[in-house]
Structure formats: structure tokens, C-alpha cells
Amino acid sequence: LAKCNLAEIPSREAGASAAQLRQNALVQLEKAAALFEKINDVHQLKEIYYLQSRIYQFLPSGQNKRDEAAKNFFRLNKMKQHKLTGRKQWESIHGILITDVNEMLKG
């Protein structure tokens, strides 16, 4: 639904309706993020944080939230890269320590 709101923006860029569409998209993205966090869907969360960052770029007071969303995106991207490369490193997510279980069993 958030992507639908974003797709409508170019046709309404000249007015307050574009800002409203961005706000609607942000609300939908927040709801989606809460659900994807529950199931730990890193791929979808990365997409959400990317879209949030892009939307906040256009809002007058959105710089801090844009930076926060971008940091979340890069944090998840880094975590995903570590998993794909097989690197055995510790990662901290939301205060929870995550590691490679197989590596822990060796030691």
C-alpha cells in the first residue's frame, strides 16, 4: 500500500496532497516494519528502511528520521552480507547478541 501512495506522488507533486501521500506511505511502512520485525524478515525490513529514508528526504523536518532509517538499512545490509560470506562475527541487533550457532558448538 505504501508503494501505491508513492507511485501517486509524481502526478500530485505541486500540492499538499503529495505531502499527505508521503505521510500515508510512512504510516503504512511503520505498520509493515512492526510486522516484519516480528518474523525477522531482513529483506523486507531493508526495503522498508530504504523507502522511509527516501521519503524523509523530501520532508522539511525529516533529516534525523532519514538518517535513522538509512542507518537501519545499512545495519541490516551489513548483517546480511556477513551471513552470505560465511564470516563468523558477532552482530548486535536491537540489544540482542546474535552469533553463528555452529561456531558456538565447535568451541
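From a predicted model like this one, the values you see are computed outputs, not experimental measurements. (Residues numbered from 1 in each chain as written. Predicted model: local features only at pLDDT ≥ 70, side-chain atom pairs only at ≥ 80, totals over all residues. Heavy atoms only, no water.)

**Student:** Is there a simple way to explain the packing of aromatic side chains in this structure?
**Tutor:** To describe a pair of aromatic rings, you give the distance between the ring centres and the angle between the ring planes. By the definition in use, this model includes two aromatic pairs. Between Y50 and F73, the ring centres sit 6.1 Å apart and the planes meet at 55°, which makes this aromatic pair tilted. With Y50 in helix α3 (residues 42-57) and F73 in helix α4 (residues 63-85), the pair connects residues that are 23 residues apart, well separated along the chain. We classify Y50 as partly exposed; its relative accessible area is 39%. Here the aromatic rings of F73 and F74 are separated by 5.4 Å at their centres, their planes lie at 80°, and the arrangement is edge-to-face. What makes F74 exposed here is its relative accessible area of 55%. A connected cluster of aromatic rings, assembled from ring pairs, spans Y50, F73 and F74. (Phe/Tyr/Trp six-rings, centres within 6.5 Å; stacked < 30°, edge-to-face > 60°. Helix = DSSP H or I, 4+ residues; strand = E, 2+ residues; numbered from the N terminus. Buried < 20%, exposed > 50% of the residue type's maximum accessible area, 1.4 Å probe, protein only.)

**Student:** Just checking my understanding: could you explain the pattern of salt bridges for this structure?
**Tutor:** Where charged atoms from two side chains of opposite charge approach closely, those side chains can pair. Applying the stated criterion across every chain yields a total of one salt bridge. Two residues, D67 and R66, come together in a salt bridge whose shortest N-O distance is 2.8 Å. For D67, a relative accessible area of 30% corresponds to the partly exposed category. Given the relative accessible area of 21%, R66 is considered partly exposed. (Salt bridge = Lys/Arg side-chain N within 4 Å of Asp/Glu carboxyl O.)

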